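Notes for the structure review
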Amino acid sequence: MAQRFLQQRPTRAAEMVRRLQEGRVELAGLFLDPTELVDRRALEVSLGPALALAQQHGFGVTTAMTTDIPGQGWSLPDVLVDRGLPYLSVAPNAM
């Protein structure tokens, strides 16, 4: 979604990138919520867009976030650490 915002809102793109660089806005690493059915390779690929955007614009990605889905594959923590994301925020839908 961040890539789409930067493409579709060019008048606000510079401000968004500046906020990311300042650390006032954070871009979470995962593109979609992974389930326990997602394999290691798919997890690695899902981190690609956020990490590429961060590298392109000179800011860091330290956190991945999953919401609404109560489970993740066993390899998720390893993939995150291997890619330099030390933090995982989990917010399952409890209702």
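Rules behind the numbers
- Residues numbered from 1 in each chain as written.
- Predicted model: local features only at pLDDT ≥ 70, side-chain atom pairs only at ≥ 80, totals over all residues.
- Heavy atoms only, no water.
- Helix = DSSP H or I, 4+ residues; strand = E, 2+ residues; numbered from the N terminus.
- Rg over C-alpha atoms; globule rule 2.2 N^0.38 Å.
- Buried < 20%, exposed > 50% of the residue type's maximum accessible area, 1.4 Å probe, protein only.
- Contact = heavy atoms within 4.5 Å.
- Areas by Shrake-Rupley, 256 points an atom, 1.4 Å probe, with all protein chains shown as cover.
- Lys, Arg positive; Asp, Glu negative; His and termini not counted.
- Charge placed at Lys NZ, Arg CZ, Asp CG, Glu CD.
- Polar contact = N/O pair within 3.5 Å; in protein donor to acceptor, adjacent residues only side chain to side chain.
- Core = buried A, V, L, I, M, F, W, Y, C linked by side-chain atoms within 4.5 Å.
- Salt bridge = Lys/Arg side-chain N within 4 Å of Asp/Glu carboxyl O.
- pLDDT = per-residue confidence, 0-100.

**Looking at the overall build of the chain**
Within the chain, the regular secondary structure consists of four helices and two strands. The linear arrangement of helices and strands in the chain, starting from the amino end, is α-α-α-β-α-β. For the chain, the C-alpha radius of gyration of 14 Å lies close to 12 Å, the compact-globule estimate for 95 residues. Principal-axis analysis of the C-alpha atoms gives the chain an extent of 40 × 30 × 20 Å. Within the chain, buried positions represent 29% of all 95 residues. When contacts within the chain are restricted to residue pairs at least 6 apart in sequence, those whose partners lie at least 24 apart make up 67%. Accessible surface, the chain: about 6400 Å² in total, of which carbon and sulfur atoms supply 55%. Positive and negative side-chain charges in the chain, numbering 9 and 10 respectively, have mean positions lying 13 Å apart.

**A closer look at the side chain of Thr 63**
Its location among the elements puts Thr 63 in strand S1 (residues 63-67). For Thr 63, the side chain forms a polar contact with the side chain of Thr 62, separated by 3.4 Å. Each residue touching Thr 63, except ones within four places of it in the same chain, is listed here: Glu 26, Leu 27, Ala 28, Gly 29, Leu 85, Tyr 87 and Ser 89.

**Notes on the nonpolar core**
The biggest cluster of nonpolar side chains holds 19 residues, and the ones touching the most others in it are Leu 27, Leu 47, Leu 53, Phe 59, Leu 80 and Leu 85. Those elements that place two or more of their residues in this core are helix H1 (2-8), helix H2 (10-22), helix H3 (40-57) and helix H4 (76-82). With five residues, the single largest contributor to this core is H3.

**Comments concerning the pattern of salt bridges**
Counting across every chain of the model gives seven salt bridges. The partner of Arg 19 in a salt bridge is Glu 22, and the shortest N-O contact between them spans 3.2 Å. Of this pair, Arg 19 and Glu 22 both sit in helix H2, three residues apart, roughly one helical turn. The partly exposed category is assigned to Arg 19, whose relative accessible area is 23%. For Glu 22, a relative accessible area of 42% gives the class partly exposed. Note that Glu 44 and Arg 40 form a salt bridge whose closest N and O atoms lie 3.3 Å from each other. Highlighted residues: Glu 44 and Arg 40, both in helix H3, separated by four residues, approximately one helical turn.

**A word on the confidence of the model for the chain**
Put simply, the chain has an average pLDDT of 87, and 97% of its residues get 70 or more. Looking across the chain, the model is least confident in H1, with a mean pLDDT of 87, and most confident in H2, with 93.

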